[in-house]
Amino acid sequence: MSKTNIQDGDAYTVVVFRGSTAKPIRFSLSKKLLRRLLVCVGVVVLADLLVVSHYVIRTGEVWELAAFRTEAMSAREQTAAFSTAIDDLKKRLGAMNEVNQRLRVMLGIEVPKTGDMANGRGGEEVPIPEEGVTIPGGNESKPSGTSRQISEGNQEHSTAIGLESSRDNLQAVASVKEGLEWLSKQATVQERILDELSQAVEQRSSRWASTPSIWPVKGWVTSGFGPRVSPFTEKPAWHDGLDIGAAPNTPVHAPAQGRITSIGYDSKLGNMVRVDHGFGVETIYGHLAKALVKEGQRVDRGDVIALVGSSGLATGPHLHYMVKLNGQTLDPTKYILE
């Protein structure tokens, strides 16, 4: 049994009874000493609580950092794969650009010298490691201190590695963003070039389809384009077309696509047909037996438009074939590729 006596003096006496026959034990503690003991116990308990709480917080941060590093590694792998895909798209755009430039040269389109095409840049970049980053371990001596200080040092090192990994990921993301911007600009440029090529091909295709290129009738040339002796006056004269001899009623074919603009009779050319092929090109057919088309009718290359005859001022059945460009007569043989 124990008993504590609180006196009015500066000390506390503690009496411990060990039994009915044993002599009790007495302890006398001063108030000052007791207060010091209580303060020390409180400081020790508070320090232990701080150490435990700090350890719990640091442990949670380490777990969170480990999860972040795992996520960062996964993001880095995905970024690397995306960067590789961007590089592949850049190579394809480069090949497409070469083909487009060749087509522009073939079609006679001026090749623009744009800064974006000449200074296109991209690709994955590897950051330069920063100096002063030390990795503990190996043959280096460990600093002295308590186990808590060593644990904090390892955690700070892990945090530094996590921050460096985060910077690497940010740089990789910035590189991918730059590559996407380059691809967007190049896609716009290539789209514009393809649109120009499409228009040029369409225009040239339409122009080719409208350019005379075949014999309008099967026969033989009886009089060429240019100066000749007139068969009617026997004096020098200028012949503005090509006379092609053929049997009567031989089919006359359109040498290119176009539209019939007029069908009529001329005192010299007799029955005649005019065809407007567009782009300033016009063909005229004279001395016909009859026309087989109507005004405003569309015809294609090879369509039969009339029959050979000897109407008008003619010495026999033949076709008078004329080609005009912007109102000026030209040598029809320059428009015959067969």
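Residues numbered from 1 in each chain as written. Predicted model: local features only at pLDDT ≥ 70, side-chain atom pairs only at ≥ 80, totals over all residues. Heavy atoms only, no water.

Q: Looking at this structure, how should I read the overall build of the protein chain?
A: Along the protein chain, the regular secondary structure elements total three helices and 15 strands. Out of the 338 residues in the protein chain, the part that is buried amounts to 25%. Within the protein chain, contacts between residues at least 6 apart in sequence are counted, and of these 61% link residues at least 24 apart. (Helix = DSSP H or I, 4+ residues; strand = E, 2+ residues; numbered from the N terminus. Buried < 20%, exposed > 50% of the residue type's maximum accessible area, 1.4 Å probe, protein only. Contact = heavy atoms within 4.5 Å.)

Q: I would appreciate a short explanation of the nonpolar core in the present structure.
A: Soluble globular proteins tend to bury their nonpolar side chains together. With 21 residues, the main nonpolar core has Val252, Tyr285 and Ile305 as its most contacted residues. When contributions to this core are tallied by element, the ones reaching two or more residues are strand E7 (242-245), strand E10 (270-278), strand E11 (281-291), strand E13 (304-308) and strand E14 (318-325). Beyond its immediate stretch of four places on either side in the chain, Val252 contacts Pro216, Tyr285, Leu288, Asp303, Val304, Ile305, Ala306, Leu307, Val308 and Leu319. Counting five residues, the second-largest nonpolar core is a separate cluster that includes Leu93, Val176, Trp182 and Leu183. (Core = buried A, V, L, I, M, F, W, Y, C linked by side-chain atoms within 4.5 Å.)

Q: Can you walk me through a nonpolar patch on the surface in this structure?
A: The grouping of Val41, Val45, Leu46, Leu49 and Leu50 at the surface amounts to a nonpolar patch, some 480 Å² of accessible area in total. Structurally, Leu49 is set in helix H1 (residues 31-106). (Patch = residues over 30% accessible without salt bridge, like charges linked within 9 Å, V, L, I, M, F, W, Y side chains within 5 Å. Areas by Shrake-Rupley, 256 points an atom, 1.4 Å probe, with all protein chains shown as cover. Salt bridge = Lys/Arg side-chain N within 4 Å of Asp/Glu carboxyl O.)

Q: Any chance you could explain the packing of aromatic side chains here in plain terms?
A: If you walk through the whole model with that rule in mind, you get two aromatic pairs. Between Phe225 and Trp238, the aromatic rings sit 5.5 Å apart at their centres with planes inclined by 80 degrees, giving edge-to-face as the arrangement. Of the two residues, Phe225 is situated in the loop between strand E4 (220-223) and strand E5 (226-229) and Trp238 in strand E6 (residues 236-239); the sequence distance between them amounts to 13 residues. Note on Tyr285 and Tyr321: the rings are 5.6 Å apart at their centroids and 25 degrees apart in plane angle, and the pair reads as stacked. Of this pair, Tyr285 sits in strand E11 while Tyr321 sits in strand E14, and the two are 36 residues apart along the sequence. In this structure Tyr285 comes out as buried when scored by relative accessible area, which is 0%. (Phe/Tyr/Trp six-rings, centres within 6.5 Å; stacked < 30°, edge-to-face > 60°.)

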